[in-house]
Each structure stands twice: as structure tokens, then as C-alpha cells.
Amino acid sequence: MIIGIDLGTTNSLAAYYSENGPEIIPNRLGERLTPSVVSIDEKDQVYVGKTARERMALYPEQSASLFKRSMGSKKIFQLGNRKFTATDLSALVLRSLKKDAEAYLGEPVTEAVISVPAYFNEVKRKAVKQAGELAGLKVERIISEPTAAAIAYGLYQKKDNTRFLVFDLGGGTFDVSILELSEEILEVRAVAGDNYLGGEDFTKLILQEFYKEHHIDENELSSKDRAYFRNQAEKCKCHPQADAFYRMQAVVNGQKTETIIPRGAFEKMSANLLDRIKSPVRKSLSDAGVKAREIDEVVLVGGTTRMPLVRKFVSRLFGRVPDTSIHPDEAVALGAAIQAAMKERKEAVREVILTDVCPFTLGTEVSVKMENGHVESNHFCPIIERNTVIPASRTEKFFTVHDHQTKVEIHILQGESRFASNNVSLGTLELTVPDNEAGKEEIDITYTYDINALLEVEAKIVSTKETVTRLIKNQENNMTKEEMEARMKELAYLKIPPREQEKNKVLLLRGERLYEETTGELREQLEMVTEQFERILDRQNPQKIEEARKDYEDALEWIEEEMNYNL
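Throughout what follows, the structure given in this document is the object of discussion. In this text the structure is predicted, and so the values were computed from the model without any measurement.

Turning our attention to the pairing of strand β14 (residues 185-194). Here β14 lies mainly inside the structure; 7 of its 10 residues are buried. Direction of pairing for strand β13 (residues 174-182) relative to β14: antiparallel, over a ladder of 9 bridges. The residue of β14 that forms the bridge with S177 is V191. Taking the residues between adjacent antiparallel strands as the criterion, β13 and β14 are bridged by 2 residues, where E183 takes a positive phi near 55°.

Next comes the structure, spelled out in C-alpha cells:
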């Protein structure tokens, strides 16, 4: 038996394909949703789901939640005397779902289609697959959550040449995907998202307001008290009355207290979060080459989309009422179950060809020769750009940089930054080239990326025809978000050159942001004007810099207007 699983930040659930279509598998408590919480007691007894969530209120130091956000990282979760990674904890949740499914279906469950956020990079996807394997499941297919939701809504059974936007806001992640149906092909046109944006962030806003009104210092609270207040804030956020106002009630020092936040005030408090939602939406529309008004249907997925604030925001953003006909917490699992049925070739399921895209740009580190002859490394050269339909294969030509250079190291990278060091390292490939003058030896580098998230890198020395190949399938990103932030603080103490003066710095940062949000011709134009501005900064002529800054700012304005036109 193959089942579909939605491994969520807040809740997880499993589904299977029955005679009546896809159905949610109830857990051992008879409930459809299993909280993604793990707890362990002094006797090493592991609890998963609602029991673990209840224990978390009492024994927070023995419990863990929200670990999906840390998938693929080195973050360690201390539960009592035991240490776990996010992959370990996810495996425990998956194992619990597997056992519940076997008890309900009365047969062994050996395989699963597991969903992941569309914007998960390869490191995170591999971690999810590994968690499934640790749980005793064969995981041959990882499906993007918005694609699974699109299948659940039966989008593949609707009329041809229809564009759909799946808006997936869960407890910890946000994804937006644009899909297009043509004949019997459901094609993912573009994906974008934020792996650190979800319902938990709205909960924190309510919690911070409560602390502020009642003069509570969170740092002075015990872990148990923090868990209690967070739970009260979560209840407040999900209460039906939240359409008019938000009321958080809790006991402080033995006294019942409450904080009431009017709807308008909460909208203002949430302004930054709603702005963060706009960025991936704009990016996906730009990458797909469509305008918001050209989207035929908007589908809401994820528990956080049940918030009236979010639904109204999406309605204003697209000028239409979104489709919410399927429970937003269940759509992904149901779609994964249909995909599992397709894999089993069940007659009741209409076969549909699903195409996917590469969620991140894949490329390599290159060195660039500046006007003064200095060779500057740490530049990123895209080879397969994000949202390229996969499978895909692309080849780029590169040349040696130095005279008598005999070694070339190809640094394989994934990300959107112009600078190699800001992107995720997937590995390296080394080859020996003939001793020659700079620029005389040519290397053809080919990236091939397939539907199973496997990347093959081939490097060919043109003069000798020698070829070196590497298959990237088990890479790890060892740097956590906290480590990256610490590294940025360390760099802040370095001497600041003229190009980093405040007026120039803010423009370069804006250019970097826009570079990550766009692709194709706009990205190429942005690269060109940015490099031109940087060359002038290097000359350290104040008058020339002042003139170039105005030109660069005008160019950025024009590029951003072109991007906003699609929204």
C-alpha cells in the first residue's frame, strides 16, 4: 500500500485512495490531524501528536515542535537527556502516521509519497526523504505541496489552457505556485516562497502585544510559562471571533487577564508579514511571465489561510474570492494520496502528466577580471535558472584565468545571490587542464537536473576531450541560520571600503534583492548596471560616483516598475 503524507510544521496527516476517492486516515485518537510535536519522558517513552502537545505544556524541556523549519540543518533539539535533529523528530512523526495507517487499513504500509514546501532546497528535500526512510517507508517520490493541492482540487480535470495560483500558507512556511493545464499536462510554471513565514509569526504578534500590555519580560519566564502563553495566543488567533477582534486571555500571577486587539489594529501589526507575502507572489508572477489578472483561479491551502485577515488580503491582492472548497489543512495530503494512486496505476484515477520546475538557480563560482587587471573571485554564474521546467540540461563555456594554470575547481552552487559565498554549496569538482596562457583553455560545464532532484555535473576540457562527471545526490548544508547570522556579525567588524558608504550600500543591497527576485533579461540588465556601478566605485572618484549613483538608482527604479507591473 502506498499512502500520501503531508509532513507539516504545525500538523501532519496521511491519506489513501479508496473506492470513494482520496480519504484522510484518522490517527489512533480518531482525529484527522496529528500535531507535529514530539515529547519524551524519563523512561525514554516517545509521544507524538496530541499527547506530545499536551506534554509540551507541562514538560516543555522534554518536547519539541516547529522543527520542520530546521530540516537539513545541524540544529540539535534537546529533549530531556536525549538529543535529536529535525530529521530524527520528523522520522518519529512519520513513523506514527505509518502505524496509524496500518492499523486503520489493516495491511502493511511500505511506501509513501511525501509532500514538501515548493521552496525547499535540495538539502531540505533530502532530509525529508531521509526521515521517511528512518520511519521505515520507501520514498520514491517527493511532491511539492502546492502541486499536491492542485491535484486535490481536481485542477487537472478542468478545461485546457487554464492558469492556477496555489497560495499555501502553513504554520511555518509559505509557498506560491503557478500551474497551467494544457491537454493532459499539468505544468508548474513558477514557484516562490519563504521558508520562515507562516502562522507562527502571526501568533508571535499577538503574544508580543500581550507581553507589552501586561509588562511581561519573556526572558524572565520559565519554559513552561512561555509554552502556556504561546498556546493561549494560538487559541486567540484561531478563534472564530477573530474576524472582528482578537482576544487573548491568560492567567498572570494568579489573576485572569486579557488583551483585546481590534481587527484594524491587528492588520497594522501584520503589515510587515503581509508585505513579505507579496514578494514571493510578485516573484512567481514575474518568473511565469503572467499578470495577476491573467490568473484564472486562486486556491487557498494551509491552516493559516483560515484566518479572515489572510483571506481578505488575498482577495484584495487578486481582485477575486479564492477557492476554499477543500479544507485547507487537508488538501495537500489528499493530493499526495491521488499521486500515490497514480503511481499504483489505479484505474479510477485519471493519468495526468505532472511537470515540475527547479525551485532554485543552479550555477557555479567564477572569477571576473576587473578594469585594473585584478581578478576578483566569489561571483556566481547561473547555469540552470530557477523555475526552469525539469528535466533540464544546460551547458556554459568557461576559460582559465591565470597563465600556466593546471588545476580548475568547479564549485557547484544553488541559490539566487550574485555572490557565490551567499549561496548553498552542493559540492566541488576538480580537473587538470593543460599548461597554457590565461584564457586559452576552454571548459564546457553541463548541468543536468531531473524530476527526482538529482543533479549531474559534467566538465569537459575542450582541447583534450577529457570529461569528469559528478552526481550530486546526498549533499549537506552544514551552516544553520544562526551560524550565518553570526558570520555576518563577524564580517561587520571588517574595514569598510568606499563602496560600502551608506548611500552606495543601500543601492547595492537593493540591487541584490531585485537580482534575487527576477530572472531572464531583467536579471541580465540588472547584472550589467550593477557591475558598471561597482567599477565606478572602485575608481573612488567622488564626482563620478555621485553621477553613477543617480544613474544606478534610476535603473533600479525602472527594473522594479517592470517587476511590479505583473502584480
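Most of strand β17 (residues 297-301) is tucked away, with 5 of its 5 residues classed as buried. Residues of β17 alternate between two faces, with E297, V299 and V301 on one and V298 and L300 on the opposite face, all of them buried. Of the pairings in the sheet, the one linking strand β12 (residues 162-169) to β17 comprises 5 bridges and is parallel in character. Of the residues in β17, the one forming a bridge with F167 is L300.

For any two helices packed against each other, the geometry comes down to the angle between their axes and how far apart the axes lie. Between helix α5 (residues 199-213) and helix α6 (residues 223-238), the shortest axis-to-axis distance is 9 Å and the interhelical angle comes to 110°. For the element pair α5 / α6, the angle class is roughly perpendicular. Remark: the crossing between α5 and α6 carries right-handed chirality. Residues G199, E200, F202, T203, I206, L207, F210 and Y211 of α5 pack against R226, F229, R230, A233, E234, C236 and K237 of α6. Per-class residue counts for the contact of α5 with α6 are 8 nonpolar, 2 polar and 5 charged.

Moving on, we come to the pattern of salt bridges. Scanning the model with the defined rule gives 26 salt bridges in all. With a shortest N-O distance of 2.9 Å, E102 and K98 are connected by a salt bridge. Residue E102 and its partner K98 are located together in helix α2 (residues 86-105), separated by 4 residues, close to a single helical turn. Taking the relative accessible area as the measure of exposure, E102 reaches 24% and is therefore partly exposed. Note on K98: relative accessible area 14%, which makes it buried. Linked by salt bridges that have partners in common, D287, E385, R386, E416 and R523 make up one network.

Attention now moves to the packing of helix α8 (residues 271-288) against helix α9 (residues 308-318). Interaxial distance between α8 and α9 falls to 12 Å at its minimum, and their mutual angle equals 45°. In this view, α8 runs oblique relative to α9, as classed from their interaxial angle. Handedness of the crossing formed by α8 with α9: right-handed. Contacts from L274, I277, K278 and V281 in α8 reach L309, F313, L317 and F318 in α9. Split into classes, the residues belonging to the contact of α8 with α9 amount to 7 nonpolar, no polar and 1 charged.

Here the focus is the sheet that holds strand β6 (residues 46-48). Read from one edge of the open sheet, 3 strands run β6-β5-β7, paired in antiparallel fashion. Two strands in the sheet have a free side with no partner beyond their single neighbour: β6 and β7 (63-65). Taking the axes of each pair of neighbouring strands and ignoring which way they run, one obtains an average angle of 15° across the sheet. With 3 bridges connecting them, strand β5 (residues 37-40) and β7 associate as antiparallel partners. Counterpart to V37 in the pairing with β7 is S65.

In this section: helix α3 (residues 122-134). Residues lying three or four places apart along an α-helix face the same way, a consequence of the helix completing one turn every 3.6 residues. Taking 1.5 Å of rise per residue, 13 residues should cover 18 Å, and α3 covers 18 Å from first to last C-alpha, within 8% of that figure. Of the positions making up α3, those classed as buried are E122, V123, K124, R125, K126, A127, V128, A131 and G132. Buried residues along α3 sit against α2, β10 (111-116), β11 (138-144), β23 (407-414), β24 (424-432) and β25 (442-449). At the exit of α3 stands G136, carrying a positive phi of roughly 90°.

Okay, the side chain of R549 next. Relative to the assigned elements, R549 resides in helix α14 (residues 542-564). Overall, the relative accessible area of 13% leaves R549 in the buried class. Other than its neighbours up to four places away in sequence, R549 contacts K503, N504, L507 and F533.

The rules behind these values
- Residues numbered from 1 in each chain as written.
- Predicted model: local features only at pLDDT ≥ 70, side-chain atom pairs only at ≥ 80, totals over all residues.
- Heavy atoms only, no water.
- Buried < 20%, exposed > 50% of the residue type's maximum accessible area, 1.4 Å probe, protein only.
- Helix = DSSP H or I, 4+ residues; strand = E, 2+ residues; numbered from the N terminus.
- Pairing = 2+ DSSP bridges.
- Axes fitted to C-alpha atoms, helices over the stretch in contact; angles between N-to-C directions.
- Parallel < 35°, antiparallel > 145°, perpendicular 65-115°, else oblique.
- Left-handed = near helix turned anticlockwise from the far one by under 90°.
- Contact = heavy atoms within 4.5 Å.
- Nonpolar A, V, L, I, M, F, W, Y, C, P; charged D, E, K, R; others polar.
- Salt bridge = Lys/Arg side-chain N within 4 Å of Asp/Glu carboxyl O.
- Expected span 1.5 Å × (residues − 1).

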